[in-house]
Amino acid sequence: MANEEQKTPLLDQLEEGRWPSFVKEIKKAAAKNKKAEALLGQLELSYTEKKVHWKHGGIVGVKGYGGGVIGRYSDLPEQFPDAAEFHTIRVNQPAGWFYTTEALRKLCDIWEKYGSGLTNFHGTTGDAILLGIDTDKLQACFDELAEAGFDLGGSGSDLRTPSCCVGPARCEFACFDTLDVCHEITMEFQNELHRPMWPYKFKIKIAGCPNDCVASIARADLSVIGTWRDAIRVDQEEVRAYVESGFDIQGMVVDKCPKKAVKFNAETREIFIDNETCTRCMHCINEMPKALRVGKEGGATLLIGAKAPIVKSAFMSWVIIPFMEMKPPYTELKDFVRTITDWWDENGKTRERIGETIYRLGMPKFLRDTGIKPVPQMVTAPRANPYYFWYPEEVK
Amino acid sequence: MARTDFGPPHYSTLIPDIIKENYGKWLYHEQIRPGVLKHVSETGAELYTVRVGSPRLASIDFIREICEIADKYSKGHLRFTSRHNIEFLLDDQELVEPLLQELAQRGLPVGGTGHSVSNIVHTQGWVHCHSSATDASGLVKSLMDGLYDYFVENKLPNMVRIAVACCLNMCGAVHCSDIAIVGIHRKPPRIDHEKVSKVSEIPSVIQSCPTGAIKPNPKLKSVDVNPDKCMYCGNCYTVCPAMPIADPENDGVAIFVGGKVSNARTAPKFSRLAIPYLPNNPPRWTETVEAVKHLLEVYAKNALPGERYGEWIERIGWERFFKLTGLPFTEKHIDDFIFAPTTFRTTTQFNW
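Residues numbered from 1 in each chain as written. Chains lettered and ligands numbered in written order. Predicted model: local features only at pLDDT ≥ 70, side-chain atom pairs only at ≥ 80, totals over all residues. Heavy atoms only, no water.

- Chain B has the name Sulfite reductase, dissimilatory-type beta subunit in an unreviewed UniProt entry, where Carboxydothermus pertinax is given as its organism.

Structure (C-alpha cells):
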C-alpha cells in the first residue's frame, strides 16, 4: 500500500551506506502496515523540522498490570491518523537474550496481527520492544502473547525487567549462574515488576564477572557482579604455550596488572599471582584465557545506586555486600532486595532513585536502618572530616 | 482474563543443545577472526559464535530473515547481545564459512568482537520518544556507516564502546562509554501558563528542577523559570507537558569521552565532556560523524596497545588530549554542577 503522496527524501538517504538501515526496516513494515507507514511520514517531518512529534505518554495498559505498556500519542493525529496511538509493549526477554526461531516467529506472528510490525531487539533495559499498537488492540495482543508464553516487562515506578550477561551459557568467566539468578529474581518479584508501587524505577543488572558486559555498575540500582574469593587458577603449560606463540606476557599482562600482583619467571616460563594483593580486575584472565581462570569459589559483589545524571548527578553503584554466595534458591539475595527496596520505599521521595535517597540521607543511616554491617570494602577511603553523628545509646 | 505474572520463557527451553551440554563448563575462548568467536568446553566441545550488527529497530520481516538463517546454520537458535548485535551459535565449524558468505550476501555485517567498535547502544529519539533532543536511530546509522571498518576489523588499541542518548535522561549506560553522544537542549523550557496546573502538580514540577530554577507563580496558578539558573535538563518537561523544551534551532548533541564500565585494569569511569555542542543536522549528522571519527582516529594513533580510551587520556593527561585532538577547551568543560570540586586539580603535577 505504498502511498504515492508520501515522499521521504531525507529518510531515503539513510537507506544508503553499509550498516543495516532502520529506514529500510520501517519501509518493509510500511509496505504491509498503515501504522508503520504513518510513522515513516511523521519521522520524515521530524527530520525536516528537527523536532520530535510524540506527546507525553498517557495511561494505557492491560488488565491486571500497572506497567509493561507505555502510552505514546502523536501530536499530529490529524495529519497522521494511523500513528495517533502508537503504544509500546515491553515483552520480558528470556535471560541472556536466547531465543529459538520458533519463539521469535510466534512473537512476529502476534505482532503482525495486532501491531505495526516494528520492534526493538532490544530496548536498553533489556526487554523485547513491540513498537506501535492501538489502545483497543492491547488486551487481545497481550492475551495472545500470554498464550504463547510471553509476559510483560516493567515500566514506570516499578522493578524494571532484570537483565544479565550470557554467563555460564557461553562464557568461561562466569563466577555464578547469571541466567538462573536473573530468571529467579524476575519470577520472585513479579508483583513489583508489574505493579508500579515504588518512588521511582528500580533496575537490577546481573553480570557474571568484573568485565560487567551488561554495564550494571553504571545503570543498575542493584548491580550484581560476579567475583571470587580464592586464587586465580593457573595452567603453567598454557602459559608456556602463550610464550611460544610470541605473546608478550611481560608487556601485556605483568606491566598492566594494576596491583603489580603478577610475576613472570622468564626462565621457567611460569606465572605467579599474589592473590592477596590481586583485586580480581580480570585483566590477566582476559589477556590469557587459556592459561588463567577465575577462582573456584565464585559469588557476587552487590553494589547499589547507579543512575544517569537526571536529577542531581550520575552515580556509579557503591559496594554494599562485598561477597554473596549465589546458590539457588538465592534466598539471601531475594531477602536483600526486599530489605533495600523496603527501606527506599519508606524513605525515598517521589522520582528519587535509591542511590539519591542514600546520598540524601547518608550511607551510615542506610546501613543502620537495614542492618548491614560497615566494612572497609564499601569505601575507597574513610572520611576526612570529623562531622559524624553519635547516637544516644553510644554516649553517656 | 488471561493469566498474569507468569514471567519470561525459561532460558533452558531456548538455548541450543551444545550450550545445555556445556553449561558452566566453558574453558576458554578465542577470536578466530573479527566477529567470530570459538568457545571450547571442558568436554572438548567447540561452539562457534558469529556476531552480526543489527539496525536494532527491526521489522518482523528482519526477525523472520534472521530466523531463516538460524534454522539453516544454528539449529534454530540465536541470541542477542547487550549491544543489540545478533549472535548465531554454531556447533559445526564447517558451517561457519557458508554462514559468513550468506551474511555477506544479505548485507549483514559481521564484527563487533575484540578491539573493535561494537554496535552502538542507543535510545528511541524522534522515532518514538517524547523528550528527545535529537534522533538516535538516524544518528547511529550515520555513525555506523562512518565507522563500519572499525566494526568489521580489529584496528583499535582496545574495544571502543559508543552509546547515544537522545536526551539527558540517558536511557542506557551512555554516561560510562568510551564515546558518549548525548542529545542536549540549550534554552529554558517555554511555559504554557494556562495548562501547567491542569496537566501537572506544581510542587512536583518545582521539585523536579535540580538547580532550583523553578518558582511558583501563584497569580497565574503556574510556575516561572529563572533563566540564569536553568541548565536545560528537561526534567521539568517530563513532569509537566506544559513546559516544552524541544527547540529545532538550538537542540543538538554533546560528545563525552573516556568512560567505561569494565573493572579490567582501571576502575569504571564516567565519560567526560569533549565537545559541548554540535548541531542537529539530519539526516546524516555530518559534523557529529566527523567528530566521532576524529576522536577515534586520534585515540587509535596515540594509545598504547590494550589501553581503553579513558586509560589513554589518564596516561597522557587531559591537557594533551585537547592538544592532540585540537579541540578547544572552554568554560563549558569546567564543571559547576553538584560534584564540581572533585574535578578541580589539587596538585602541581600536570603537563604543559
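1. Some details on the environment of A:Ile310
- Tracing the chain through its elements places A:Ile310 in the loop between β13 (298-304) and β14 (318-324).
- In this structure, the C-alpha to C-alpha distance between A:Ile310 and A:His194, residues 116 residues apart in sequence, is 24 Å. (Helix = DSSP H or I, 4+ residues; strand = E, 2+ residues; numbered from the N terminus.)

2. Some points on the packing of aromatic side chains
Residues and elements named next belong to chain B.
- Tallied over the full model, the rule gives 30 aromatic pairs over all chains.
- Aromatic pair Trp-126 and Trp-285: ring centres 5.9 Å apart, planes at 45°, arrangement tilted. Of the two residues, Trp-126 is situated in the loop between β7 (121-122) and α4 (137-146) and Trp-285 in the loop between β13 (272-279) and α9 (286-302); the sequence distance between them amounts to 159 residues. Note on accessibility: Trp-126 and Trp-285 belong to one class, buried.
- Between Trp-312 and Phe-321 the ring centres are 6.0 Å apart and the planes differ by 75°, which places this aromatic pair in the edge-to-face class.
- A relative accessible area of 0% places Trp-312 in the buried class.
- An aromatic cluster is present here, built from Tyr-299, Tyr-309, Trp-312, Trp-318, Phe-321, Phe-322 and Phe-329 joined pairwise through their rings. (Phe/Tyr/Trp six-rings, centres within 6.5 Å; stacked < 30°, edge-to-face > 60°. Buried < 20%, exposed > 50% of the residue type's maximum accessible area, 1.4 Å probe, protein only.)

3. Let's talk about the pairing of strand β8 (residues 222-228) of chain A
All names here are of chain A.
- With 7 of its 7 residues buried, β8 lies for the most part within the structure.
- Relative to β8, strand β7 (residues 204-207) runs parallel, the two being bridged by 4 bridges. Looking across to β8, one finds that Ile-204 is bridged to Leu-222.
- Bridge analysis of β8 against β13 gives 7 bridges, and the strand direction is antiparallel. (Pairing = 2+ DSSP bridges.)

4. What to know about the environment of A:Ile232
Residue and element names in this part refer to chain A.
- Along the chain, Ile-232 falls in the loop between β8 and β9 (233-234).
- Spatially, the C-alpha atom of Ile-232 lies 16 Å from that of Phe-323, the residues being 91 residues apart in sequence.
- The contacts of Ile-232, once residues within four sequence positions are left out, are Ile-273, Asn-275, Cys-278, Cys-284, Ile-285, Leu-292, Arg-293 and Gly-295. (Contact = heavy atoms within 4.5 Å.)

5. Describing the sheet that holds strand β6 (residues 163-164) of chain A
Residues and elements named next belong to chain A.
- The sheet built from 5 strands is open, its strands ordered β6-β7-β8-β13-β14 with mixed pairing. Lying at the two open borders of the sheet, with one neighbouring strand each, are β6 and β14.
- Note that β6 and β7 share 2 bridges and pair parallel. Within the sheet, the bridge partner assigned to Ser-163 lies in β7 and is Lys-205.
- Sitting on the sheet, helix α6 (residues 178-188) is in contact with β6 and β7, with an inclination near 160° to β7.
- This element, helix α12 (residues 331-347), spans β7, β8, β13 and β14 of the sheet and lies at about 155° to β14. (Axes fitted to C-alpha atoms, helices over the stretch in contact; angles between N-to-C directions.)

6. Regarding the interface of chain A and chain B
- Counting residues at the interface gives 114 residues for chain A and 116 residues for chain B.
- Broken down residue by residue, the surface that chain A buries against chain B is led by A:Trp19, A:His56 and A:Arg170, which jointly contribute 10%.
- Here chain A is connected to chain B by 9 salt bridges.
- A salt bridge links A:Arg18 to B:Asp149, with the shortest nitrogen-to-oxygen separation between them at 3.2 Å.
- For the interface between chain A and chain B, the tally reads 60 residue pairs in polar contact (both at pLDDT 80 or more).
- Top element by residues in the side of chain A that touches chain B is helix α4 (residues 101-114) of chain A. It accounts for 8 residues. (Buried area = accessible area lost by both parts, 1.4 Å probe. Salt bridge = Lys/Arg side-chain N within 4 Å of Asp/Glu carboxyl O. Polar contact = N/O pair within 3.5 Å; in protein donor to acceptor, adjacent residues only side chain to side chain.)

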